[in-house]
Amino acid sequence: MTRYALAVDVGGTKLEAALVGDDGVLVAGSRSRQATGRTATPASLDAAVEAVVSHALARLPEGAELVGAGVGSAGPIDLSTGSILPVNMPEARGYGLAGAVRGAASAVLGRDVNTVFGHDGGALALAEAWLGATREARSSLSIVVSTGVGGGFVVGGQYIRGASGNAGHLGQVRREGGLTLEEIASGPASAAWAQTQGWTGATGEDLARDAASGDQIARAAIERSAKAVGEALADAATLVDLDMIAIGGGFSRVSGDYIDLVQQALTTSAAHDYSRRARVVRSGLGDEGPLIGAAALVLR
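Scoring rules and cut-offs
- Throughout this document, residue positions are counted from 1 along each chain, in the order its sequence is written.
- It should be noted that, the model being predicted, local features are given only for residues of pLDDT at least 70 and side-chain atom pairs only at 80 or more, the latter also being counted only at that level, while totals for whole chains, interfaces and linings use all residues.
- Processing note: side-chain calculations cover all non-hydrogen atoms of the structure and skip hydrogens and water entirely.
- UniProt positions are given in the numbering used here, feature names are shortened, and annotations may be inferred rather than shown by experiment.
- A 1.4 Å probe rolled over the protein chains alone gives each residue an accessible area, and that area as a share of the maximum for its type sets the label: buried under 20%, exposed over 50%, partly exposed in between.
- We count a stretch as a helix when DSSP gives it H or I for four or more residues in a row; a strand needs E for two or more, and each element gets its number in order from the N terminus.
- By the convention used here, strands pair only if DSSP detects at least 2 bridges between them.
- Under this scheme, a helix contributes an axis fitted over its contacting stretch, all axes are lines through C-alpha atoms, and angles between N-to-C directions fall in the 0 to 180 degree range.
- These descriptions rest on fixed angle ranges, namely under 35 degrees for roughly parallel, over 145 for roughly antiparallel, 65 to 115 for roughly perpendicular, and the rest for oblique.
- Two helices crossing with the near one rotated counterclockwise from the far one by less than a right angle form a left-handed crossing, whereas a clockwise rotation gives a right-handed crossing.
- Note on contacts: a residue pair qualifies if any of its non-hydrogen atoms lie within 4.5 Å across the two residues.
- Throughout, the ten residues Ala, Val, Leu, Ile, Met, Phe, Trp, Tyr, Cys and Pro are labelled nonpolar, Asp, Glu, Lys and Arg are labelled charged, and all others, Gly among them, are labelled polar.
- When a carboxyl oxygen of Asp or Glu is within 4 Å of a side-chain nitrogen of Lys or Arg, the pair counts as a salt bridge.

- Identification of the protein as Glucokinase from Microbacterium murale is taken from an unreviewed UniProt entry.
- Of the comments in the UniProt record for the protein, the one headed Sequence similarities (unreviewed entry) reads "Belongs to the ROK (NagC/XylR) family."

So this is what it looks like as structure tokens:
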């Protein structure tokens, strides 16, 4: 009999949930989302959690076994309290996300629901190592380049949480001029930089469109992002001895050669032969990866 997990993923722009089977497949119709954003508050998050959890659990097949809830969140997180300290949702700092999911699911099912909490980058890394692009890797990093930048490590098949559960916050490492990688390479940061150079667009989607049409500033912003990501990954590969790095997230698709540009920057920047051999690949799970990873916290 298929075992199921309730998967919940929380980020800076949305909160979503779905049911995921032990084969990694989302239950049809179980996925839904609610907006978050910088104005998210504990009250708005409570309402969002209740909405997506109720929607997902209503699609649980009759007689099926729900083994628990897996929750991945943008961080930092506090594993000891099950709370979040998100960079992109300042009003939600200290929100007890794990308890909110557990309470909502338990209320729907009429029993206590085991809930496992983790950083969303680590959940994504676990998903990619289970069913995605890094299945054959011995030591891997999976990252998202989108509104934010973050990731997680899997070494020897094991998700590396770190001392506090926050290993993988690559977006907050410092790069040129003291800026973080996220402040240089994310979609919003890249668009903002292009505007300082005279570009008149507004979003990452605009950058993609204009670069494809030959706009040199838009193209320069994309290349700047990829170079910063590649150089940061070279450092990570040198430090952790990675053989594979998977990249997902909306901004990673801003150009058809973004992954190639990142690989080029990594290879050029890496200090040693072993780190230069680290291979950069596109995420194998697309936008389902974070939910599959949240479920994997329970199922794997």
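## So, the pairing of strand S11 (residues 244-248)
Okay, step 1: By the criterion of burial, S11 is predominantly enclosed, with five of the five residues buried.
Okay, step 2: Burial of S11 is two-sided: the residues Met244, Ala246 and Gly248 facing one way and the residues Ile245 and Ile247 facing the other way are all buried.
Okay, step 3: Relative to S11, strand S8 (residues 139-145) runs parallel, the two being bridged by five bridges. Within the sheet, the bridge partner assigned to Ser142 lies in S11 and is Ala246.
Okay, step 4: Relative to strand S12 (residues 279-282), S11 runs parallel, the two being bridged by four bridges. Within S12, the position partnered with Met244 by the bridge is Arg279.

## Here we look at the packing of helix H5 (residues 187-196) against helix H7 (residues 216-240)
Okay, step 1: Between H5 and H7, the least distance of the axes is 9 Å, while the angle of their chain directions is 135 degrees. On the basis of the axis angle, H5 is oblique to H7. As for how H5 packs across H7, the hand of that crossing is right-handed. Contacts between H5 and H7 involve Ser190, Trp193 and Ala194 from the former and Ile217, Ala220, Ala221, Arg224 and Ser225 from the latter.
Okay, step 2: Its residues placed into classes, the contact of H5 with H7 shows five nonpolar, two polar and one charged.

## Some details on the pattern of salt bridges
Okay, step 1: All chains considered together, the criterion is met by 12 salt bridges.
Okay, step 2: Note that Asp287 is salt-bridged to Arg31, the shortest N-O span being 3.7 Å. Of this pair, Asp287 sits in the loop between S12 and helix H10 (289-299) while Arg31 sits in the loop between strand S2 (14-21) and strand S3 (32-35), placing them 256 residues apart in sequence.
Okay, step 3: Note that Arg209 is salt-bridged to Asp210, the shortest N-O span being 2.9 Å.
Okay, step 4: For Arg209, a relative accessible area of 47% gives the class partly exposed.
Okay, step 5: Classification of Asp210 as buried rests on a relative accessible area of 14%.
Okay, step 6: Here the salt bridges share partners, and the residues they tie into one network are Glu16, Arg31, Arg33 and Asp287.

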